Amino acid sequence: MKVVFMGTPDFAVPCLETLTQSRHKVIAVVTQPDRPRNRGQVTFCPVKERALELGIPVLQYEKVSREGVDDIRALNPDVIVTAAFGQMLSCEFLEIAPYGVINVHASLLPKYRGSSPIQWAVINGETETGITIMKTAYKMDSGDIITQKEVAIGEDETAGELFEKLSRAGAPELVKALDLLEDGKATFTPQDESKATYFPMLKKEDGEVDFSLPAHDVVCRIRGFNPWPSAFTSAGGKRIKIFKAAVVEGKGKPGEVIAAERDGITVACGDNAVKITELQPENGKKMSARDYLAGHKITVGTVFGNV
RNA sequence: CGCGGGGUAGAGCAGUCGGUAGCUCAUCGGGCUCAUAACCCGAAGGUCGUGAGGUUCAAGUCCCACCCCCGCAA
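Novice: It is not clear to me how the domain arrangement of chain A should be interpreted in this structure. Could you clarify?
Specialist: Domain assignment breaks chain A into domain 1 (2-195) and domain 2 (204-295). Computed from C-alpha coordinates alone, the two centres of domain 1 and domain 2 are separated by 33 Å. The interface is formed by 13 residues belonging to domain 1 together with nine residues belonging to domain 2. Approximately 820 Å² of surface area, both sides summed, lies buried where domain 1 meets domain 2, with 57% of it carried by carbon and sulfur atoms. The largest per-residue losses of area from domain 1 upon contact with domain 2 belong to Gln119, Ile123 and Thr158, which jointly make up 48% of the total buried on that side. The interface formed by domain 1 and domain 2 contains zero salt bridges.

Here it is in C-alpha cells:
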C-alpha cells in the first residue's frame, strides 16, 4: 500500500524504518515543523532526519488538518499512519485515505489514553504495558483496535528504557496491521469505554519530587520522569535533577538527607527512604552520586526541596 | 542576536587582592586488621578549552576572539 507516515520523535523512527523494509511503500513523511532552537545547532526532529536519509519527501505543517489536507490528498495514499505525531486530526483528515488513519499507541488501550502513556505507566508502578495499533477516531485514542502486544516493565526500568522497548515492539506490529488491512483480514475491536483511563501530557513542573510520598512512589516517579522531563529537587537554592534512585530502609523528615556515602545519597520520604545514585547538578552533567559527592558538600541533615 | 552557568590531575570540585596550583575520590606503593567498600602513611599524575592574541615585570586569575558543554525559557 502507499503510505503517508506521520511522526516526530525517536519513538516513531523504528516504525518508519521497518515500514520502508516492508511490502508497503512510504510515499511521504509528515512531521511537526522545525522548532527554533536557540542554543546549539539546529537539528531536525528524528523522524525528519531519518526520512531525509532514506530519501523520502518530508512535509511539515503547524496544523496538518488545516494546511496539509490538499497536499496529502494529492499524494493519493492508501493509508495514513501516525506514530507519536503530536497533532490532533480533523474528521476530514481522517477520511483522506481509503483505509483511514492507523495509529501506533504505546499502551494497552483503553488504558493510558493521552500523550504520555509510557511515562504514566511507569509512574503508576505498572508491571506491564504494551503497544496498540488502532484505527484513529476523532476522539483521542478511542479508535477500534486492530492488534495489541504486551510488553513487560522491568522493576528498575526507566521511562526512557521502556520507550525504546516499546518503540521496537511497535514497528513490527504496525507492519502486521497494515498487512492484515491490505489482505482484508483485519478485525476492528471497539474499546471498552468503561475501562478507559486518560493521562495528560507530562509537564516539566510535574517532575518536582515530593518526598512526603512513600519511597516506592517517589522511585516510580523518578523512573517515569527519566530521561524527560526529569525528576528534580533543590538543595541550597540550586536545582538538582534526579535520574536514579532505589527504595531503602530509613527514617527521617521527608526530604532530609540521612546518609551521604559513596554508593548514594539517602533521603527520607513519607515512608522509608530513597537512595539517589545518579543525578545532575544545575549547570553540570549527569553523574553518579559518588562523583557528585567528590566535589559537593552534602551533609547529613541537609533538606531537599521546599527552598 | 531569549536569559544564565561552566571548561583547572582519571572523576567531581576549590583557587581569595594578578605572583608558575590545591581538595575529595580513584590509581600505584607500603602499613594495620580474621577481614573489608574501612582506617593510617607515602607516591605518581596538570603546558589551568583554543589563540606562539591583548594588558602586565608577572595571568588559571583581567580584556578580546573562537570552540565545546550545561541549566532555564521556548
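Novice: Even after reading the chapter, I still don't get the environment of Lys63, so can you show me in this structure?
Specialist: In this fold, Lys63 is placed in the loop between strand E3 (58-60) and helix H3 (64-75). Overall, Lys63 belongs to the partly exposed group, its relative accessible area being 45%. Taking the C-alpha atoms as reference, Lys63 lies 26 Å from Ile145; in sequence the two are 82 residues apart.

Novice: Help me understand the packing of helix H1 (residues 13-20) against helix H6 (residues 159-182) in this model?
Specialist: Pairs of packed helices are described in terms of their axes, by the angle between the two and the distance that separates them. Orientation of H1 relative to H6, taken along the N-to-C sense of each, is 40°, at an axis distance of 8 Å. The angle between the axes of H1 and H6 places the two elements in the oblique class. The chirality of how H1 crosses H6 is right-handed. Across the interface between the two elements, Pro14, Cys15, Thr18 and Leu19 of H1 pack against Ser167, Gly170, Ala171, Pro172, Leu174, Val175 and Leu178 of H6. Per-class residue counts for the contact of H1 with H6 are eight nonpolar, three polar and no charged.

Procedures and definitions
- Residues numbered from 1 in each chain as written.
- Chains lettered and ligands numbered in written order.
- Predicted model: local features only at pLDDT ≥ 70, side-chain atom pairs only at ≥ 80, totals over all residues.
- Heavy atoms only, no water.
- Domains from an automatic or database assignment.
- Contact = heavy atoms within 4.5 Å.
- Buried area = accessible area lost by both parts, 1.4 Å probe.
- Salt bridge = Lys/Arg side-chain N within 4 Å of Asp/Glu carboxyl O.
- Helix = DSSP H or I, 4+ residues; strand = E, 2+ residues; numbered from the N terminus.
- Buried < 20%, exposed > 50% of the residue type's maximum accessible area, 1.4 Å probe, protein only.
- Axes fitted to C-alpha atoms, helices over the stretch in contact; angles between N-to-C directions.
- Parallel < 35°, antiparallel > 145°, perpendicular 65-115°, else oblique.
- Left-handed = near helix turned anticlockwise from the far one by under 90°.
- Nonpolar A, V, L, I, M, F, W, Y, C, P; charged D, E, K, R; others polar.

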